[in-house]
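Listed below are the residues making up each chain.
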Amino acid sequence: MNFFGEAKALVKANIRDYGMYIALVVIMLTFTIMTNGLFMSSRNISNLLDSAGYIAVLAVGMTLVIVIRHIDLSVGFLAGFLGAIAAIFLTQMGVSVWITIPTILILGALIGMVNGVLVAKIGIPAFVATLAGMLIFRGALLQVTEKTGTIIIKDDQFNAIGNGFIPSIMQINGLHLLTLLVGLVGIILFVYNEISTRRNKMTYGFEVMSNGLFSVKLVLISAIIGYITWILAGYNGLSWTVIIMIIVVVIYHFLTTKTVLGRHIYAVGSNPEAAHLSGINVQKITYIVFGSMGMLAALSGILFTSRLQSATTTAGTLFELDAIAAAYVGGVSSAGGVGKVTGAIIGAIVMACLSSGMNLLGVGISYQYMIRGGVLAGAVIFDVMTRKQRA
Amino acid sequence: MSEYILEMNNISKEFPGVKALSNVNFKVKKGEIHCLVGENGAGKSTLMKVLSGVYPYGNYTGDIVFKGKVQQFNEITDSVKAGIGIIYQELALFPDLTVYENIFAGNELKKGPFVDWNKTIVHATGLLEKVKLKVTPETLIKELGVGKQQLVEIAKALSKDVNLLILDEPTAALNEDDSENLLVLIKELQNQGISCIMISHKLKEIINIADKVTVLRDGQTICTLDASAGEVSENVIIKHMVGRDIEDIYPKRLDRNIGETILELSNWTAYDSQLGRNVVNNVQIEVKKGEIIGIAGLMGSGRTELALSIFGNPKNYKLQGNMKMYGNTKVLKHTSEAIKAGIAYVTEDRKGDGLFLLQDIKSNVSAAHLKGVSKRGILNLNEEVKVGTEYKDSLYIKASSLEQIVGKLSGGNQQKVSLGKWLFTGPKILILDEPTRGIDVGAKFEIYTIMNELIKEGMSIIMISSELGEVLGMSDRIYVMAEGSIKGELTMEEATQETIMELATQ
C-alpha cells in the first residue's frame, strides 16, 4: 500500500478518535483567527488549561462510570463539599496541606464507594442514588459554610495547586526553562515508548505501520507537544494544575488500556451478564469505579477551592453536568463499554476552549450556553453517525 | 398474472468490501411453502432484508416483482402495506404489554383519534383462534413461553392481511412439541392461501413441510429443489449447502478412553427464591474423565439451571446437597471460583450473556482468563494477540482479522469465539449449553469435531441439548431431565429418540 492509501485507511478506521482532535484543532484555529491571535497567546492557553482542570479530572472519572452504564450526579456538590472540608482543615483546624490532601482524597473515595454499594449491592438506579447524594452534599456544603460564609484560605502551598506554576531554573529569552525541559522529556518518552512498542510488535511478527507513516506520526505528535510546551513556556510555564491533569490522564490511561482491572471495567460495561459468567466480580468493579469517581471529585474540589483560594457556599454547582458533557464530547457511549480517558480530557478541553474563545470575543453568556449545547449535541450526532457507518 | 407471487430477479447487494448477494434469483409460487437454506453467512437474512425493505430500494440491484408488480420498498412499512409479513428470529414483542396490545402495536384500530380497545380485543380473539393459541387476549406477553410468543407474532402478522409470510428460524428456540404445532399452523395458513418463506437449519422439519427448497451458498443461488418431484432429501440439501458431501453429521470417535470420576453431585437441589420453587430437584449425577454426558430434556426442565448451580451459582439459588470434584467436597461461591476449579460454561444465549459483542475477537477470547495474558495485573497485549491467533486458527474462526468486532460475526463463528474463550481458561469440565443452536451444518460438524478432540485430550464435556439427534450422536451417556429432576439415565444402547422423549415428558 502506498503512503497516502495507508494514511487514508488509518483515518477511516479511527474516524471517531481523530474526529475529536480535528474538531479541537478547528475550534482553536477559528478562535485564533477571529481574535487576531489572542486566543493562542501564552497567557490565554495557560489560563484555559487551568480553568479546564477541575472539570477534566471529573470527566475522566465520569467516563468510566458511564462506561459501566451508570451515572454519578453527586460529584459536583461532593467536590464543593470536600473543598469546603479541606478549607476548614486548613484554616480552622490548622491541619497541614500534606495531611489535608490525602485525607480529602481518601474521604472522597469512601463516599464514592458508598454510592457504589447503593447501586451494585442494594440495586438502586445510579441516577436516583446519586441524585440523593447531590441533594445531601449540597445541604452538607451549606451546613459547613453556614456560620462563616465563604472561607478564605491563606495557605500558599495549597493555593499554588490552582494558581501556581512549576519553578523556573532560569529564563532564556523570556522562556520558562524547566517547562521546556519537561516538554523535551515528554517528547523523548513518547518517541521511546512508540518505538519500543513497535519493535515489540515486530518481534511477535505482527503487522505495523510502514516506516514513512510511522515517522510522520512521531514528528507530528512531537511537534504538537513541543508547540504547546513552547506556548506555555512563554508565560509562566507549566502550572501545577496541568501537571496534575497530566498525571491523572497517564495513570488512568494506563489503567484502562493496559491492566486486567481496566479490561474488567470495559467487560462489565459491555455486557454485565457475560462479565459475571466470565468470573468477573461485577459488584467489586462497580465499587472501584464509583470509588475512583469519588476520589476524583475530591481532587476536583481541591483544584477548584485552591483556584478560588476560598471555599464558597455554591462551589460545585453544575460541575457534574459539565463533566458529563465533556465525557460525551469525548466519545463515551451510554450503551456502555465504549469510551476513552484521553477522549474525556479532549472533551473537557474542547468545552474550555469554547468558553474561553467566546469570552474573548465578548459573546453573551446566554449565547455561550446555547452554543455549548449545540456542540454537545453535534458531537454525539457525529458519534452516532460514525458508529452506524461502521456497522 | 403469473403463477408466482414473488419473483426476485438478479438481486445483488454489496457491503463495503463484501459481496453479500450476487445475482440471486428466488421465486415463490402462490400458496407455496418455500424453505430457504444455507450456511450462516450464505446471504439468507440479507436476501430477506432486501425483500422486506430493511435495505431500501436503490441499495441493491435487481428487481423485486411482488403480486405481478415491480416493487420499490423504501422502508419496512412499504413491504407490510404490500402484504409481506416478516417474523424475525429474535422476537419483537413488548413483554409488559398484553397480547392484544402487542398484536395491534403500530397498527392500532381507531375510532376517530382514539384507540378502539373493544374492537381490538374482539379482533385479537379472532386472530388467536386462527393461530390456535388458547390464551385470553389480556394475558401479558412475559407470562407466555417462547412457543406461544411465536404464535402471537404470527397473529400480529396476520392482522395486517399478509399474502406472504417470512419466518426466520421460527423453531430455533422451540421444543419439539411447540415446533410441531407451529409447522401444523403454517400448513393451515397455506390452505388459506398464504404463501410462506421459511429460513431454517432444521433439515427434518424442512423435509416435512417444504414444497420447494432453495439453497444459497456464498451469496449465490445454488439450486431450487422441488419436493413433489422427490428432489428434497437431507443428503441432497447438505451437499448443496456445504458444496461437499458430509458422510455423517456426527464425526466418529474411535477411541473412548473413559477414566476416573471427576464430578459428583448428590442430593443436589437449587431453590430459586424469585420463582419460589426448586429449579433443580434432588439431582444425582457423575461425570467421568474423557466422556461426553448428554443432558436431554425439554426447555424449562432445569437443564440450564443445573449447569448454573454447578458453575459458581451466579443466579444465587439456595443450594443444598453435595458436590464433589476428584473426591473432595467443593463449595463454589462465585463464577471465578468455578473457573479456578476447572469448570467452564458456554452459555446457551451467546449474544445475551456469552460474548462482549462490541469488543473484538482477541479480547473476547481472553476475557475469562486475563491472568493468562498478564503479569501482576498488567496486560501483555502482544501475548493476547498470539493467544487470539491460536484459537482463531485451531477453531477455524472465519474473520477478516482478530480486531473484528464479535457482534458482526456469523452465529457459528460467534459460537466458536465463545468456545475459544472458555477453552483458554483450561477447563477440566466443559459445560456446553445448546452448543449448536442456530448455526449451520458445516459449523456444527466443526464444533462436534472439536468436542471429540477435547475428549481425546482428557477433558470431560456436559452437553445440554434440545436436539435429540445431537444428544444421540455425540454422547457417551445420557441423563434426561424434567421438572428439575433427573428422570432417567440411559446408556447409548438404551437411548433412542422415543426412550428419551418418554422420560422427558413423564
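Residues numbered from 1 in each chain as written. Chains lettered and ligands numbered in written order. Predicted model: local features only at pLDDT ≥ 70, side-chain atom pairs only at ≥ 80, totals over all residues.

Student: What should I look at first to understand the overall build of chain B in this one?
Tutor: On a plain count of helices and strands, chain B comes out with 17 helices and 24 strands. For 506 residues, the compact-globule estimate of 2.2 N^0.38 gives 23 Å, and chain B sits close to it at 24 Å. Counting only C-alpha atoms and orienting by the principal axes, one finds that chain B spans roughly 75 × 50 × 50 Å. A burial count over chain B gives 46% of its 506 residues as buried. In chain B, once contacts between residues fewer than 6 apart in sequence are set aside, the share between residues at least 24 apart is 68%. (Helix = DSSP H or I, 4+ residues; strand = E, 2+ residues; numbered from the N terminus. Rg over C-alpha atoms; globule rule 2.2 N^0.38 Å. Buried ≥ 20, exposed ≤ 12 C-beta atoms within 10 Å, placed from the backbone. Contact = placed C-beta atoms within 7 Å.)

Student: Got a minute to help me understand the confidence of the model for chain B in this structure?
Tutor: Keep in mind that low pLDDT regions are not for reading the predicted coordinates in detail. Of the residues in chain B, 97% have a pLDDT of 70 or more, and the chain-wide mean is 88. ipTM for the predicted complex: 0.84, alongside a pTM of 0.80. (pLDDT = per-residue confidence, 0-100.)

Student: I keep staring at the interface of chain B and chain A and nothing clicks. Help me out?
Tutor: For interface size, the figure often reported is the accessible area lost on association. Each partner contributes to the interface: chain B provides 26 residues, whereas chain A provides 21 residues. Mapped onto the side of chain B that touches chain A, the elements with two or more residues apiece are α10 (335–340), α11 (350–354), β20 (378–379) and α13 (381–394) of chain B. Here the residues of the side of chain B that touches chain A are counted per class, giving 13 nonpolar, eleven polar and two charged. (Nonpolar A, V, L, I, M, F, W, Y, C, P; charged D, E, K, R; others polar.)

Student: Before we go on, may I ask you to explain the nonpolar core in this structure?
Tutor: Most often, soluble globular proteins have nonpolar side chains that are buried together. The biggest cluster of nonpolar side chains holds 179 residues, and the ones touching the most others in it are A:Leu58, A:Ala59, A:Ala348 and B:Ile431. The residues that make up this core include at least three from each of domain 2 (247–342 + 427–506) and domain 3 (353–425) of chain B. In this structure, A:Ala59 is in contact with A:Ala323, A:Ala326, A:Ala327, A:Gly330, A:Ala344, A:Gly347 and A:Ala348, ignoring residues within four places of it in sequence. Membership of the second largest hydrophobic core comes to 62 residues, among which are B:Ile11, B:Val24, B:Tyr100 and B:Leu189. (Core = buried A, V, L, I, M, F, W, Y, C linked by C-beta atoms within 7 Å. Domains from an automatic or database assignment.)

Student: Whenever I open this one, the sheet that holds strand β14 (residues 277–288) of chain B confuses me. Can you help?
Tutor: Strand pairing in a sheet relies on backbone hydrogen bonds, with the paired strands running either antiparallel or parallel. Residues and elements named next belong to chain B. A sheet is described by the order of its strands in space; here four strands give the open sequence β14-β13-β16-β17, paired in antiparallel fashion. The two strands at the open ends of the sheet, each matched to only one other strand, are β14 and β17 (328–329). In this fold helix α9 (residues 303–310) packs onto β13 (261–272), β14 and β16 (318–325), with an angle of close to 70 degrees to the strand it touches most, β14. (Pairing = 2+ DSSP bridges. Axes fitted to C-alpha atoms, helices over the stretch in contact; angles between N-to-C directions.)

Student: Explain the sheet that holds strand β23 (residues 477–482) of chain B here, please?
Tutor: Residues and elements named next belong to chain B. On the basis of which strands lie adjacent, the open sheet formed by six strands has the order β18-β21-β22-β15-β23-β24 and mixed pairing. In this open sheet, the two edge strands, each paired with only one partner strand, are β18 (343–346) and β24 (485–491). Strand after strand, the sheet turns through a mean of 20 degrees between neighbouring axes, direction not considered. On top of the sheet, helix α15 (residues 441–456) reaches β15 (292–297), β21 (429–433) and β22 (460–464); it is set at about 145 degrees to β22, its chief contact.

Student: Whenever I open this one, the packing of helix α7 (residues 156–163) of chain A against helix α13 (residues 282–308) of chain A confuses me. Can you help?
Tutor: Between two packed helices, both the angle of their axes relative to each other and the distance between the axes serve to describe the pair. Residue and element names in this part refer to chain A. The N-to-C vectors of α7 and α13 enclose an angle of 100 degrees; their axes lie 7 Å apart at closest approach. Classified by the interaxial angle, the pair formed by α7 and α13 is roughly perpendicular. Residues Phe158, Asn159, Ile161, Gly162 and Asn163 of α7 lie in contact with α13, whose contacting residues are Ile302, Leu303, Ser306 and Arg307. Residue classes in the contact of α7 with α13 are distributed as four nonpolar, four polar and one charged. (Parallel < 35°, antiparallel > 145°, perpendicular 65-115°, else oblique.)

Student: Teacher, can you tell me more about unusual backbone geometry here?
Tutor: Across the chain, the bulk of peptide bonds are trans and the bulk of non-glycine residues have phi less than zero. Residues and elements named next belong to chain B. Backbone geometry at Asn23 places phi at a positive 50 degrees, although glycine is not the residue there. For Asn23, the position within the fold is in strand β2 (residues 18–29). Positive phi, close to 55 degrees, is recorded for Asp161, a residue that is not glycine. Following the sequence through the fold, Asp161 ends up in the loop between α5 (146–158) and β9 (164–168).

Student: Can you help me understand the domain arrangement of chain B in this one?
Tutor: All names here are of chain B. When its domains are assigned, chain B resolves into domain 1 (4–242), domain 2 (247–342 + 427–506) and domain 3 (353–425). With centres defined by C-alpha atoms, the gap from domain 2 to domain 3 works out at 24 Å. At the junction of the two partners, domain 2 supplies eleven residues and domain 3 supplies nine residues. With four residues, the top contributor of residues to the side of domain 2 that touches domain 3 is α15. Tallied by class, residues from the side of domain 2 that touches domain 3 come to eight nonpolar, one polar and two charged.

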